[in-house]
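Structural features, examined
The lines below spell out each chain.
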Amino acid sequence: MANGITNINNMAPELPLQFSEDLLSTPMFNYAESHIGKTTRMSRYERLSTDGGQLDGSGIDPAPEVVVRSDIDATMEIYAKTVVINEQVTLYENDKVLTKFTALLGQWMREKEDLLMRDLYASSVSYINAVGGINGDQPSEISRNDINNIERILLGNDARTMLEGIDAMDKFGTAPTRDAFIALASTDITPDLQNVQGVLLKNAYPNQEGLRPEEYCSVSRFRFFVSSKAAKIPGASLQGRTVYTIPMYGLEAAAKIEQNNYSATLGYRPPYVVSSVAQNSQLYAKFAIARAITNQNWISGLNVTARL
Amino acid sequence: MAFTILDGGSFTSTGAGVKIPLPSSADYFKVWNTTQLAAAAPNAVVGAEWFGPKFGVGASAANSGIRWKKAGSSALVIDSFSTATASDGFTYVVTSPNVEPQAANAITAITAASPAVVSQTNTYSEGDFVRIYNTTGMLQIAGMVFQISTVSGSGYTLTGLRAAGFAAAATAGFTRRVSKNAAVDPEYLYITEITKATQAVVRTSVDPSNYYVVGNKIHFSVPPSFGMSEINQLTGTITAVSAANYTLTVDIDSSAFTTFAFPASTASPTAQLFATLSPAGSQTSFNPVSQVQTGYEFQKTPFHTGQFTPYMFLAGGADSPAGANADVINWMSYKLEV
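Residues numbered from 1 in each chain as written. Chains lettered and ligands numbered in written order. Predicted model: local features only at pLDDT ≥ 70, side-chain atom pairs only at ≥ 80, totals over all residues.

1. Let's talk about the domain arrangement of chain B
All names here are of chain B.
- Domain annotation of chain B identifies domain 1 (5-95 + 309-335), domain 2 (105-178) and domain 3 (184-305).
- Taking only C-alpha atoms, the centre of domain 2 and the centre of domain 3 are 22 Å apart.
- Taken together, the contact between domain 2 and domain 3 spans 17 residues of the former and 18 residues of the latter.
- Considering every element that reaches the side of domain 2 that touches domain 3, the biggest residue donor is strand E12 (residues 145-147), with three residues. (Domains from an automatic or database assignment. Contact = placed C-beta atoms within 7 Å. Helix = DSSP H or I, 4+ residues; strand = E, 2+ residues; numbered from the N terminus.)

2. Considering helix H4 (residues 144-156) of chain A
Residues and elements named next belong to chain A.
- The end-to-end C-alpha distance of H4 is 18 Å, a good match for the 18 Å that 13 residues give at a rise of 1.5 Å each.
- Looking only at H4, the buried set comprises Asp146, Ile147, Ile150, Ile153 and Leu154. Projected down its long axis, H4 shows its buried positions confined to an angular sector of 115 degrees, all on one face. Counted as exposed and oriented over 90 degrees from the buried face of H4: Arg152 and Gly156.
- Among the structural elements, strand E5 (181-186), strand E7 (215-219), strand E8 (222-227), strand E10 (243-249) and strand E14 (299-304) are those in contact with the buried residues of H4.
- Phi for Asp158, located one or two positions after H4, is positive at around 65 degrees. (Expected span 1.5 Å × (residues − 1). Buried ≥ 20, exposed ≤ 12 C-beta atoms within 10 Å, placed from the backbone. Arc of directions from axis to C-beta.)

3. Section: the domain arrangement of chain A
All names here are of chain A.
- Taken domain by domain, chain A comprises domain 1 (1-75) and domain 2 (76-308).
- Placing a centre on the C-alpha atoms of domain 1 and another on those of domain 2 gives a separation of 34 Å.
- Across the boundary between the two partners, domain 1 contributes six residues, which contact eight residues of domain 2.
- Those elements that place two or more of their residues in the side of domain 1 that touches domain 2 are strand E1 (39-45) and strand E2 (69-75).
- The element that contributes the greatest number of residues to the side of domain 1 that touches domain 2 is E2, accounting for three residues.
- Across the side of domain 1 that touches domain 2, the residue classes tally to three nonpolar, two polar and one charged. (Nonpolar A, V, L, I, M, F, W, Y, C, P; charged D, E, K, R; others polar.)

4. Observations regarding the interface of chain A and chain B
- At the junction of the two partners, chain A supplies 46 residues and chain B supplies 54 residues.
- Counting residues per element, the ones that place at least two in the side of chain A that touches chain B are E2, strand E3 (77-86), helix H3 (97-124), strand E4 (128-129), H4 and strand E13 (280-293) of chain A.
- Across the side of chain A that touches chain B, the residue classes break down as 19 nonpolar, 21 polar and six charged.

5. Structural notes on the nonpolar core
- Ala185 and Leu302 of chain A together with Phe146 of chain B are the most contacted members of the largest nonpolar core, which totals 116 residues.
- What Leu302 of chain A contacts, discounting residues up to four positions off in sequence, is Tyr127, Ile128, Ala130, Ile142, Asp146, Ile150, Ile246 and Met248 of chain A.
- If you look at the next biggest cluster of nonpolar residues, it comprises 21 residues, including Val31, Trp50, Tyr311 and Phe313 of chain B. (Core = buried A, V, L, I, M, F, W, Y, C linked by C-beta atoms within 7 Å.)

6. Some words on the sheet that holds strand E26 (residues 311-314) of chain B
Residue and element names in this part refer to chain B.
- Taken in spatial order, the three strands line up as E2-E26-E7 in an open sheet, and their pairing is antiparallel. Strand pairing shows two members of the sheet lacking a second neighbour, strand E2 (18-21) and strand E7 (90-93), which therefore form its edges. Going across the sheet, the axis of each strand differs from the next one's by a mean of 20 degrees, ignoring polarity.
- Where E7 and E26 come together, four bridges link them in antiparallel fashion. When the bridges of E26 are listed, Thr91 appears paired with Phe313. (Pairing = 2+ DSSP bridges. Axes fitted to C-alpha atoms, helices over the stretch in contact; angles between N-to-C directions.)

7. Quick look at the sheet that holds strand E8 (residues 105-107) of chain B
Residues and elements named next belong to chain B.
- Strand order in the open sheet made by the four strands is E8-E15-E11-E12, with antiparallel pairing throughout. Pairing within the sheet leaves two strands with one partner each, and these edge strands are E8 and E12. Pairwise comparison of adjacent strand axes, ignoring direction, gives a mean angle of 40 degrees for this sheet.
- Alignment of E8 against strand E15 (residues 172-178), held across three bridges, turns out to be antiparallel. Directly across from Ala106, in E15, lies its bridge partner Phe174.

Given below as C-alpha cells:
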C-alpha cells in the first residue's frame, strides 16, 4: 500500500454501514439501525500541516499528506430517581404533593446533570497549580498571573471565546467586558476572586440583561460562574488543604449529549400498579446522558486553594 | 415488604480491599468469611456487620462496623472494628470519591531512589492509590497520586517515581488513600518522566494500562518548570503501553526536546506543578486484509463513569471484612422498607 495515501488502513471506518436518516423517508428499520450500541462517536479531521507545499517547477508532485481523524467517544448512561407516596399523604395533605414532587424530580434531573458534567471536567482535564498567590501553599490562591497563563494556553491553541463582550455604557462604576472564555469555580473561593487584580464584579458590568444568577465576576478574558457544588479535592495541597479545580474553556471543548426522546422522562405509576392494596403510588424521573471532552486544546484550568 | 431489597453474592479474596456496587443503596450489610468459619482456630475475622445511617445513633462509624472474630481459638470475640485493637472495616460511599474515608497516615521517609521507596506503617493493599502531601523535602511531589506496590506493613514502592535525580530524600509527610477510578474515565494522569527519543516514553505515577490502550490519543500539559516545554500542549497517539513499568510510548519525536526533570524541592511552592496527560480521543487502524480493527477498547476508551456509586468498600486483610488471600467471602446487602 503506497505511503502517504489516506485509506481505510489509517482511517478506520466507524461502522460497517453508514446511516443516512435524512435520505430515507419511512422505513422504520432505518431508525432501528441508528440505535445500535450505546457509544456515541464524535469525530474531527485534524488540520493539515502547513510545512512545505511549494512547487519547484520540476513536475514532481508534493507528497500527499495522510489525513488524521480523531474520534471522541462517549458512553450513554441512564440515571433515575423515584419517589413513592402513600395514599394517606395525598388524602390528608392539601398542598398538591404530586405536583410538587414532580417539580422536585425535575430539579433533581437538572442538578444531577450538572454534577455529572462537573465530574467530567474534574476527572479528565489537565489542571495547573496556581502559584501567583501569597498563602504559601502549593497550589496557592488564585491570582491574575495564573488566569493570564490559562488565557495564554487557550489562545495558543486557537480556542474561541464562549461569550460576547459587553459594550461600555455611560454609567458610573461600570466597565466593559471582553469576549470571554468560561471559568467554573467554587463559592468557597469567592473572597479570593474579589481580590484578584483587575476583577470586575458582576454588578459593575455595563448591562445586566441576560446574565445568569450563577455568574460572579469577570477577570481578563474569563467570566467566572460559581457553584456550591463545584469540584474540590479534600487534603490535596502541599499543606493538606482542600484544592479547588477551576475548569476554564472555550467553544466546543466539551459535549453533553442527550439520547433522542430520553433527555428528560417524568413518569407516574398509579397505586394499583405499585401496591397490592393500591395504597402507594410512584413518581420517577429518568434521563440519558453521554459526556466527553471533545477538544483538550480548548480546555485547561487551575488548581487553587483558599487564601484563608 | 414491597420495597425491601435484598442483594448478595460471593467472591474469593485477594487480600486487597473490595468495592461492591449497590444500585439500591443499603441500610444493613453483612459478610461471612466461609473459609475462616470452617477453620478450627484461626486468628481472623469470620463475619462482620454494618448498620447504615437509618439506624441513627446505632449506625456504624466510617471504616468500622461489628467484628466477629476467632482469635486463635474456636471461641468468638464480638466487638467493633474501631476498638483498641483496631482494624479496617466497612466504608459506605455514596458520592464519587476522591478520598476514600480512611485516616491520614504519616510517612517517615521517601528515598531519593529509582524507584522511590516509602517508609510508613500502613494497612494498604497491593495496587492501592495514595495521595502524598505535606512532605518535608520532596515538595515537588506533594499533592500527587501514586500507585503503590511491594506493599508491607512498614512501607511500599512507588513504581511510577524515579527519584534518583532528586536532591534529597523526604523525611516526613502524609498519605491518604484515594479512589483508583475518578468519577469519569479515562482520567488525567500525573507524568513523572518523559524520555528524549524518536517515540517518547512517558512514565506516569500509576499504571496507565488501567485507562489507556494503544491507539488512544493523549494531550500533554507540561509547565515550564519541568523542562520539556516543547511537548506542552501537544497531542500524541499511544503506540505502546507497559503495565509493568507504568509507561506509555507516543508517536512524538522528543529527541531534540529539552530534558524533562522535576523542579527542585526548594523551588516549591512557586514552581508550577504538575506535568499531566489527559484523554484526547482515539485514532484506530483497520487492516482490510485481516478485517482486524486495532487501537480501541470499549471498556476504556469512551468517556464513561469511572466509579459507580453507591458502593460498599470492604477493607482487605485477615482482620477485615474482605478477608485474606484465598478466603471465600459471602456478602448480603439489605435495603429496608421503612
